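What follows is each chain in one-letter form.
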Amino acid sequence: MSSFSTPAIVLRRIDYGEYDFVITLFTLRRGKISVIAKSAKKSKKRFSGILELFSILDVVCNVGQRKGLPVLQEAALKYPFFDIRSSTLKTAYASYWAELINEWMESAQRQVQLYQLFQYVLRELDTCRISGAALSILFQIKFMALSGLSPNLSQCSICRIEVEKIKETRVIFDFAKGGILCDGCTSKTLQKPFLSKGIIKQLLWIEKGDLVKAVRVRFTSDALREGLEFLETFVPYHLGKEPKSLKFLRKIRNW
Ligand SMILES: [Zn+2]
């Protein structure tokens with residue numbers, strides 16, 4: 001039997017039999033893994049009730065020689081994020097980000113930058129300095145960049161003219177091509193969503209800047225909505241399905 005320790009964020013928790021939980025963790029050192037927390041369901045004392053969604057823990061797990069999930073041996077709470085779990089809207093945003101990570105990531109692949117991104121947005125969401133909507137724009141743009149699937153917002157996907165040189169203030173985004181199109185390259189008969197140049201600039205700024213810079217971007221309420229509606233279409237388009245948590249988020253967000 002061997003053991004390992006790592007910081008980890010709780011992505012998902014499901015009941016397993018009468019006594020146990022199976023917990024999907026996004027770990028710093030081993031990427032996404034599922035572990036079994038024995039007696040955690042029955043006895044609150046076993047893990048002192050800290051195995052909650054989005055909590056950041058330091059965990060120690062044992063790996064047996066036979067097949068089967070690693071067993072959670074110890075867990076210490078680093079960030080509880082009470083504030084996220086006490087707000088339905090914040091929980092909805094955090095659930096959406098967790099679902100994207102869970103759906104997208106292959107198991108046991110270390111992804112330190114993505115771990116840092118998720119930790120960063122959870123901490124900002126918990127402290128209320130920045131709205132869940134603005135953080136969700138930041139998370140989705142950075143998440144797609146780390147996945148190598150950034151939307152092409154800097155030049156026309158066909159003739160490569162740069163966005164600054166496009167005269168129109170609203171530019172068409174072609175989901176199949178994954179990028180913007182200038183007026184000359186657009187077929188007039190096709191109805192496609194438009195993006196204003198203002199939000200394009202902000203999204204590019206967020207994509208290129210570090211997290212501290214990116215989080216300082218201030219959106220008007222129109223830009224916030226436009227950016228979110230765009231990303232919440234773009235991301236599921238690449239995922240190939242609409243995340244369940246996104247449906248819920250849309251339902252409770254009061255727009
Ligand atoms: Zn063009």
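Refer to the preceding data block for the structure.
A. Local environment of the overall build of the protein chain. Scanning the protein chain from terminus to terminus reveals 8 helices and 8 strands. C-alpha atoms of the protein chain, sized along the principal axes, occupy 65 × 35 × 30 Å. For the protein chain, the proportion of its 255 residues judged to be buried stands at 47%. A sequence separation of at least 24 residues applies to 62% of the contacts in the protein chain between residues at least 6 apart.

B. Quick peek at the pattern of salt bridges. If you walk through the whole model with that rule in mind, you get 9 salt bridges. The partner of lysine 241 in a salt bridge is glutamate 103, with the nearest N and O atoms 3.0 Å apart. In this pair, lysine 241 is assigned in the loop between α7 (221-239) and α8 (244-252) and glutamate 103 in helix α2 (residues 88-104), connecting sequence segments 138 residues apart. Glutamate 232 serves as the salt-bridge partner of arginine 253, at 2.7 Å between the closest nitrogen and oxygen. You can see arginine 253 sitting in the segment after α8 and its partner glutamate 232 sitting in helix α7, a full 21 residues away along the chain. Here arginine 253 falls in the buried class, since its relative accessible area comes to 10%. Within the structure, one salt-bridge network assembled from shared partners comprises Glu232, Glu242, Arg250 and Arg253.

C. Geometry of the pairing of strand β1 (residues 2-16). Where β1 lies against strand β4 (residues 56-63), 8 bridges are found, and the strand directions are antiparallel. Within β4, the position partnered with serine 3 by the bridge is asparagine 62. Inspection of the sheet shows β1 paired to strand β2 (residues 20-27) by 8 bridges, in the antiparallel sense. Directly across from tyrosine 16, in β2, lies its bridge partner aspartate 20.

Reading the values: rules and limits
- Residues numbered from 1 in each chain as written.
- Predicted model: local features only at pLDDT ≥ 70, side-chain atom pairs only at ≥ 80, totals over all residues.
- Heavy atoms only, no water.
- Helix = DSSP H or I, 4+ residues; strand = E, 2+ residues; numbered from the N terminus.
- Buried < 20%, exposed > 50% of the residue type's maximum accessible area, 1.4 Å probe, protein only.
- Contact = heavy atoms within 4.5 Å.
- Salt bridge = Lys/Arg side-chain N within 4 Å of Asp/Glu carboxyl O.
- Pairing = 2+ DSSP bridges.

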